[in-house]
Amino acid sequence: MTGATLAALPERLRFELPSELEASVPPEARGLTRDAVRMLVATRNDLGVVHATFSDLPLFLDAGDLVVVNTSGTLPAAVDAVGPHGLALTVHLSTRLPADLWVVELRMDNRPFPHTRAGWTLALPEGGAVELLAPYARSHGRLWVAALRLPDPFLEYLAVHGRPIRYGYVEGSWPVAMYQNVYATEPGSAEMPSAGRPFTTDVITRLVTKGVGVAPLVLHTGVSSLEAHEPPYPEEFRVSAQTAHAVNDTHRRGGRVIAVGTTVVRALETVVDGRGRVHAGEGWTETVITPSRGVRAVDGLLTGWHEPEASHLDMLDAVAGRALVERSYDAALAEGYLWHEFGDVHLVLP
């Protein structure tokens with residue numbers, strides 16, 4: 001891509017992302033099937049880069065490999081609100097906390113709204129309300145702990161009055177089905193675990209037919225607020241005994257464990273011990289993956305393309321190594337890969 005430049009900082013990757021590389025509509029609106037998005041395949045052992053499409057995924061995995069997916073479903077977590085003095089705001093419901101409290105973000109004109117105070121009560125449709133209780137730790141006032149009062153059960157209310165969270169690069173308003181992975185089973189994520197979006201039943205069938213295992217876990221993602229590039233906050237997760245066994249058995253037999261998305265890496269690395277053995281577990285994870293920490297549970301990663309200097313790039317460095325990350329991002333920029341949840345994907349293999 002002419003004019004696209006790439007440079008590495010000691011801390012995180014820094015580069016110019018041209019606006020034309022921001023996927024503004026779903027692939028389906030561009031005349032593509034989900035699995036027809038582009039996939040850059042990068043291998044750590046030789047720093048190789050191959051251009052493919054996602055439907056080719058079974059060609060790059062071997063019998064005995066294991067793909068681990070996050071089955072958390074996307075909530076229509078954006079709700080219109082009216083604040084003090086009639087302010088027209090949007091509430092992003094990020095994370096359900098114990099005691100039925102919520103972490104929320106307020107936005108105006110699709111930008112964070114910083115002028116908030118504890119004790120504010122915002123009116124939601126049909127008599128609902130959200131009361132801001134206190135700033136959420138470590139968010140510099142961007143996120144708030146809030147009490148949510150709704151006239152109907154939570155999921156029913158959001159189905160009527162909520163819509164998917166979207167950022168300024170998305171054109172138009174798309175139904176929540178466009179933000180769901182085909183294997184989602186349990187609603188709970190504020191934003192789509194989007195690395196899995198290209199999966200189709202056909203791709204999954206061909207993986208299983210080839211002898212590649214597929215194992216689920218759950219991690220409910222909070223809001224990313226792309227402007228902030230903050231480290232990930234505590235998130236609720238669950239890794240079953242069956243999935244833990246599948247990961248350990250794959251490694252015992254010499255197979256590779258491929259995480260579909262940074263959420264899967266975070267969940268598995270939360271329950272891995274110092275010997276690399278994964279255990280069943282659930283609760284809240286505060287694990288942050290960095291190059292110095294490294295990874296012990298996963299061998300590869302399928303992920304989207306991340307914003308310049310985004311915190312997720314720390315995890316990518318841990319899995320792929322900085323040299324391969326630089327090479328991959330340089331190639332993606334040069335070849336016009338598309339960014340964000342409706343864009344193309346990046347497969348990192350050992």
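Residues numbered from 1 in each chain as written. Predicted model: local features only at pLDDT ≥ 70, side-chain atom pairs only at ≥ 80, totals over all residues. Heavy atoms only, no water.

**Q** Lay out the overall build of the protein chain in plain terms, naming residues and giving numbers.
**A** What the protein chain contains, in helices and strands, is 7 helices and 21 strands. In terms of C-alpha radius of gyration, the protein chain reaches 20 Å, essentially the compact-globule figure of 20 Å for 350 residues. Principal-axis analysis of the C-alpha atoms places the extent of the protein chain at approximately 60 × 50 × 40 Å. Out of the 350 residues belonging to the protein chain, those deemed buried represent 55%. For the protein chain, the proportion of contacts with a sequence separation of at least 24, taken over those separated by at least 6, is 72%. For the protein chain, the accessible surface area stands at approximately 14600 Å², while carbon and sulfur atoms represent 53% of it. Between the averaged position of the 29 positive side-chain charges in the protein chain and that of its 41 negative side-chain charges there is a distance of 4 Å. (Helix = DSSP H or I, 4+ residues; strand = E, 2+ residues; numbered from the N terminus. Rg over C-alpha atoms; globule rule 2.2 N^0.38 Å. Buried < 20%, exposed > 50% of the residue type's maximum accessible area, 1.4 Å probe, protein only. Contact = heavy atoms within 4.5 Å. Areas by Shrake-Rupley, 256 points an atom, 1.4 Å probe, with all protein chains shown as cover. Lys, Arg positive; Asp, Glu negative; His and termini not counted. Charge placed at Lys NZ, Arg CZ, Asp CG, Glu CD.)

**Q** Account for the environment of arginine 275, with residues named and values stated.
**A** Tracing the backbone shows arginine 275 in the loop between helix H5 (262–270) and strand E19 (281–285). As a C-alpha pair, arginine 275 and alanine 297 span 22 residues in sequence and 9.5 Å in three-dimensional space.

**Q** Which residues make up the packing of aromatic side chains, and what values do they have?
**A** For the coordinates displayed, the defined rule picks out 12 aromatic pairs. Considering the side-chain rings of tyrosine 179 and phenylalanine 342, the 5.1 Å spacing of their centres and the 55° angle between planes classify their relative orientation as tilted. Within this pair, whereas tyrosine 179 is found in the loop between strand E14 (162–163) and strand E15 (186–189), its partner phenylalanine 342 is found in the loop between helix H7 (322–335) and strand E21 (345–349), the two being separated by 163 residues in sequence. Here tyrosine 179 and phenylalanine 342 have matching classes, each one buried. Ring geometry for tyrosine 183 versus phenylalanine 199: centroids 5.8 Å apart, planes at 70°, classification edge-to-face. Of this pair, tyrosine 183 sits in the loop between E14 and E15 while phenylalanine 199 sits in the loop between E15 and helix H3 (201–210); the two residues are 16 residues apart in sequence, bridging distant segments of the chain. You'll find tyrosine 183 and phenylalanine 199 in the same group, each marked buried. What links up through ring pairs into an aromatic cluster is the set Phe15, Trp305, Tyr329, Tyr337 and Trp339. Arginine 38 extends its terminal NZ or CZ atom over the ring of tyrosine 337, reaching a point 4.1 Å from the ring centre. The side chain of arginine 96 reaches across the aromatic face of phenylalanine 154, ending 4.8 Å from its centre. (Phe/Tyr/Trp six-rings, centres within 6.5 Å; stacked < 30°, edge-to-face > 60°. Lys NZ or Arg CZ within 6 Å of the ring centre and 35° of its normal.)

**Q** I'd like to hear about the nonpolar core, residue by residue, with values.
**A** Most often, soluble globular proteins keep nonpolar side chains buried together rather than apart. Counting residues in each nonpolar core, the largest one holds 86 residues, and the members touching the most others are Val91, Leu93, Leu122, Leu268, Tyr329 and Trp339. Ignoring anything within four residues of it in the chain, the contact list for valine 91 reads Ala77, Ala78, Val79, Ala81, Val104, Glu105, Leu106, Leu122, Leu124 and Val130. In this structure, Met39, Tyr183, Val345 and Leu349 belong to the second largest nonpolar core, which totals 21 residues. (Core = buried A, V, L, I, M, F, W, Y, C linked by side-chain atoms within 4.5 Å.)

**Q** Can you tell me about the pairing of strand E13 (residues 143–149), naming the residues and giving the values?
**A** Consecutive residues of a regular strand have side chains that alternate between opposite faces of the sheet. Where burial is concerned, most of E13 is hidden: 6 out of the 7 residues are buried. Direction of pairing for strand E9 (residues 101–108) relative to E13: antiparallel, over a ladder of 5 bridges. If you follow valine 103 over to E13, its bridge partner there is valine 145. Of the pairings in the sheet, the one linking strand E12 (residues 129–135) to E13 comprises 6 bridges and is antiparallel in character. Pairing of alanine 129 across the sheet is with arginine 149, part of E13. (Pairing = 2+ DSSP bridges.)

**Q** Tell me about unusual backbone geometry, and please be specific about residues and values.
**A** With a phi close to 60°, histidine 85 is a non-glycine residue in the positive phi region. The exposed category is assigned to histidine 85, whose relative accessible area is 85%. Located in the positive-phi region is glutamate 126, a residue other than glycine, with phi close to 55°. Among the secondary structure elements, glutamate 126 is positioned in the loop between strand E11 (121–123) and E12. The class for glutamate 126 is exposed, based on a relative accessible area of 59%.

**Q** Quick rundown of H7? Include the residues and the values.
**A** If you check H7, its first and last C-alpha atoms are 20 Å apart, about what 14 residues at 1.5 Å a residue would give, namely 20 Å. Among all positions of H7, only Leu324, Val325, Ser328, Tyr329, Ala331, Ala332 and Leu333 are buried. Positive backbone phi, at 75°, marks glycine 336, one or two positions downstream of H7. (Expected span 1.5 Å × (residues − 1).)

**Q** Provide a residue-level description of the environment of leucine 155, including the pertinent values.
**A** As for its placement among the helices and strands, leucine 155 is situated in helix H2 (residues 154–161). Given the relative accessible area of 46%, leucine 155 is considered partly exposed. Counting along the chain gives 80 residues from leucine 155 to leucine 75, while the straight-line C-alpha distance between them is 8.2 Å.

**Q** Could you give an account of the pattern of salt bridges, naming the residues involved and the relevant values?
**A** One side chain can pair with another of opposite charge once the charged atoms of both are near each other. Within the structure shown, the criterion is met by 17 salt bridges. A salt bridge links arginine 252 to aspartate 249; its shortest N-O distance comes to 2.4 Å. Note that arginine 252 and aspartate 249 are positioned in helix H4 (residues 241–252) at a spacing of 3 residues, about one turn of the helix. In this structure, a network of salt bridges that share partners links the residues Glu28, Arg34 and Arg197. (Salt bridge = Lys/Arg side-chain N within 4 Å of Asp/Glu carboxyl O.)

**Q** Help me get a handle on the side chain of aspartate 273, residues and values and all.
**A** Structurally, aspartate 273 is set in the loop between H5 and E19. One polar contact links the side chain of aspartate 273 to the main-chain amide nitrogen of arginine 275, over a distance of 2.9 Å. Here aspartate 273 is in contact with His279 and Arg296, once residues within four sequence places are set aside. (Polar contact = N/O pair within 3.5 Å; in protein donor to acceptor, adjacent residues only side chain to side chain.)

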